[in-house]
Amino acid sequence: MRKCIIFIIAAAFIAVSVMPAMAQDDKSVAISGWVTQNTAWISQDKEWIDAKKGTLPVVAPSTDDATNLDWGLSGPTSFIDFRLKQGPVSGHVRVRAGGELGGNVAHLYGTWDFGMGQLIVGNAPVPTNRPAALVTWFPAGGYGAIDFQSRAKGIQGKFPVGPGTLWVALLEPVNDEAGWSNSANALITETMFPKVSANYDFKFSNFNFTVLGGYQTFNRSDSVTGSDESVDSYLLGLYGSWAMGPFTANLNVYTMQNPNEWADVNPAGFGSTRLGHVGDFATGSSYDVDHWGWHIGIAYTLSDRVRFTGGYGWAEWSRDNPAFGTVAAADITDEQSTYYIGAQITLYRNVIMYIPIRVSDLSNYEDTIAGIDQDEGKETRFGLRWRIRF
């Protein structure tokens, strides 16, 4: 993988160096990037440590809290971008940092601006992603527990409609049961249609609104029992932002069914293994998971060098199903919330220091049928984050 990344970077630089001096005016190559270094501490309650084990009951409960150093690169916000453009056609390649300075290709897509809109082909950001509101607030891996799918492979289009822009996409579907068929069961899954994702973005005075939604379905059947049913997943959301003078604010509200089909949106603790869409091989039946949440963020710009931010987010997962096949009856609710404050200080142009304090509370994991009410603890993150954009 590392050799592949080095090859991509070298090829881009060679392309720039050998480009004829008298090239057409509409041909361009741009290289940019971010490097983000964490210098922070993460303090975790003993209940949090147990919750991350993901099993109930806890066989060997932790006896002490723990604090650990985070002195690594932030992978999602450390990357190199290559942008190539010639006339109405452009391409974007993003190589993102990985462990031991390895990496992965996060973006690889081409865009054709045909006048009445844009055609986007490849692995690209998707309409249902709202990273500005959600990044880092919830700490369950990657971007966070309520991160919508940030990028996917597919065909997309953007079109001006009325006062705003319509963004639609046909994306590679996610089937979390694909490949489960084996000699011990007769489960067959079929995915016949792409995932549909869309948003409509428009402005009104000092407000900006984005209405977003998506739908996906796949079929599961059992050749022994004869069962045949579809597993449907959807996402609906509203994002709004407001700006006036030095003040800005944003609000994100959403609801989902079977969030597993929309990337990493499972809760961070015990629920991570219990609140995905659940199905049974013996009966062919399945039950859905409901998920919803919201986030509000505010910011105040003191000067061109200093900005203060703060916010609060909350999310809930739930599943209520009778006993069927090998699946036990359950009435599960799992909540978590996060609040944060921070300052952003620009030391020099494109040299930024962040001073964040974030507290994530996993609250309680409850299953009223099983008689479980388990505290999942808190995690507190404090320290500095350094970023240089180039």
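Criteria and cut-off values
Residues numbered from 1 in each chain as written. Predicted model: local features only at pLDDT ≥ 70, side-chain atom pairs only at ≥ 80, totals over all residues. Heavy atoms only, no water. Helix = DSSP H or I, 4+ residues; strand = E, 2+ residues; numbered from the N terminus. Buried < 20%, exposed > 50% of the residue type's maximum accessible area, 1.4 Å probe, protein only. Contact = heavy atoms within 4.5 Å. Core = buried A, V, L, I, M, F, W, Y, C linked by side-chain atoms within 4.5 Å. Salt bridge = Lys/Arg side-chain N within 4 Å of Asp/Glu carboxyl O. Pairing = 2+ DSSP bridges. Phe/Tyr/Trp six-rings, centres within 6.5 Å; stacked < 30°, edge-to-face > 60°. Lys NZ or Arg CZ within 6 Å of the ring centre and 35° of its normal. pLDDT = per-residue confidence, 0-100.

With respect to the overall build of the protein chain
A tally of helices and strands in the protein chain yields 3 helices and 22 strands. In the protein chain, which comprises 390 residues, the share counted as buried stands at 42%. Across the protein chain, every contact between residues at least 6 apart in sequence was considered, and the portion connecting residues at least 24 apart equals 61%.

Some details on unusual backbone geometry
Where the residue is not glycine, phi is negative for most of them; where a peptide bond is considered, it is trans in most cases. A positive phi angle, close to 55°, is found at Ser205, a residue other than glycine. One can find Ser205 in the loop between β10 (195-204) and β11 (207-222). Exposure remark for Ser205: the relative accessible area of 63% places this residue in the exposed category. In the Ramachandran plot, Asn350 falls in the positive-phi region, its phi being about 70° despite a non-glycine side chain. Looking at the element boundaries, Asn350 is found in the loop between β18 (330-348) and β19 (351-361). Owing to a relative accessible area of 32%, Asn350 belongs among the partly exposed residues under this scheme.

Notes on the nonpolar core
Nonpolar side chains in soluble globular proteins generally cluster together in the buried interior. Residues Leu212, Leu235, Tyr254, Met256, Trp262, Ala315 and Trp317 constitute the largest nonpolar core, which totals 7 residues. Breaking this core down by element, the ones donating at least two residues are β13 (247-257) and β17 (306-321).

What to know about the pattern of salt bridges
A full pass over the atoms with the stated rule returns 7 salt bridges. The salt bridge involving Asp81 is made with Arg83; its shortest N-O contact spans 3.9 Å. Classification of Asp81 as buried rests on a relative accessible area of 4%. For Arg83, a relative accessible area of 39% translates into the label partly exposed. The partner of Lys378 in a salt bridge is Asp361, with the nearest N and O atoms 3.9 Å apart. Of this pair, Lys378 sits in strand β22 (residues 378-389) while Asp361 sits in strand β19, placing them 17 residues apart in sequence. For Lys378, a relative accessible area of 37% puts it in the partly exposed group.

Some remarks on the environment of Ser241
Position of Ser241 relative to the elements: it lies in strand β12 (residues 228-244). Taking the C-alpha atoms as reference points, Ser241 and Asn208, 33 residues apart in sequence, are found 5.2 Å from one another. Beyond its immediate chain neighbours, meaning those up to four positions away, Ser241 contacts Asn206, Phe207, Asn208, Ala249 and Asn250.

Some details on the environment of Leu384
Mapped onto the elements of the fold, Leu384 is located in strand β22. Separated by 344 residues in the primary sequence, Leu384 and Ala40 have C-alpha atoms spaced 5.6 Å apart. Residues within four places of Leu384 in sequence aside, it is in contact with Gln37, Asn38, Thr39, Ala40, Met353, Tyr354, Ile355 and Pro356.

Considerations on the pairing of β17
Here strand β16 (residues 290-301) runs beside β17; their pairing, made up of 12 bridges, is antiparallel. Looking at β17, one finds that Gly297 is bridged to Gly311. As consecutive antiparallel partners, β16 and β17 are separated by 4 residues.

Some remarks on the packing of aromatic side chains
According to the stated counting rule, one finds 10 aromatic pairs in the structure shown. Pairwise contacts between aromatic rings join Tyr200, Phe202, Phe207 and Phe209 into one cluster. The ring centre of Phe79 lies 3.7 Å from the NZ or CZ of Arg94, which sits over that ring. Residue placement shows Lys158 over the ring face of Trp167; its charged tip is 4.2 Å from the ring centre.

Quick word on the pairing of strand β20 (residues 364-367)
Side chains Tyr365 and Asp367 of β20 all project onto a buried face; the interleaved residues Asn364 and Glu366 project onto a face where none is buried. Where β20 meets strand β21 (residues 372-375), 4 bridges bridge the pair, whose relative direction is antiparallel. Looking across to β21, one finds that Glu366 is bridged to Asp373. Between β20 and β21, which pair antiparallel one after the other, the connecting turn spans 4 residues, and Gly371 there sits at a positive phi close to 75°.

Structural notes on the side chain of Gln156
Mapped onto the secondary structure, Gln156 falls in strand β7 (residues 151-161). Judged by its relative accessible area of 2%, Gln156 falls in the buried class. The contact partners of Gln156, leaving out residues within four places of it in the chain, are Gln118, Leu119, Ile120, Ala124, Pro125, Val126, Pro127, Trp167, Val168, Ala169 and Leu171.

Overview of the confidence of the model for the protein chain
Detailed reading of the predicted coordinates is not advisable wherever pLDDT falls low. Here the protein chain shows a mean pLDDT of 80. Residues at 70 or above account for 75%. The element-level mean pLDDT for the protein chain is lowest in helix α3 (residues 131-134), coming to 40, with strand β8 (residues 164-171) highest at 96. In this model, residues 13-23 is a region of pLDDT below 50 whose contacts with residues beyond four sequence positions or in other chains number 5 contacts. Note on residues 131-146: pLDDT under 50 across the span, and 53 contacts to partners over four residues away in sequence or across chains.

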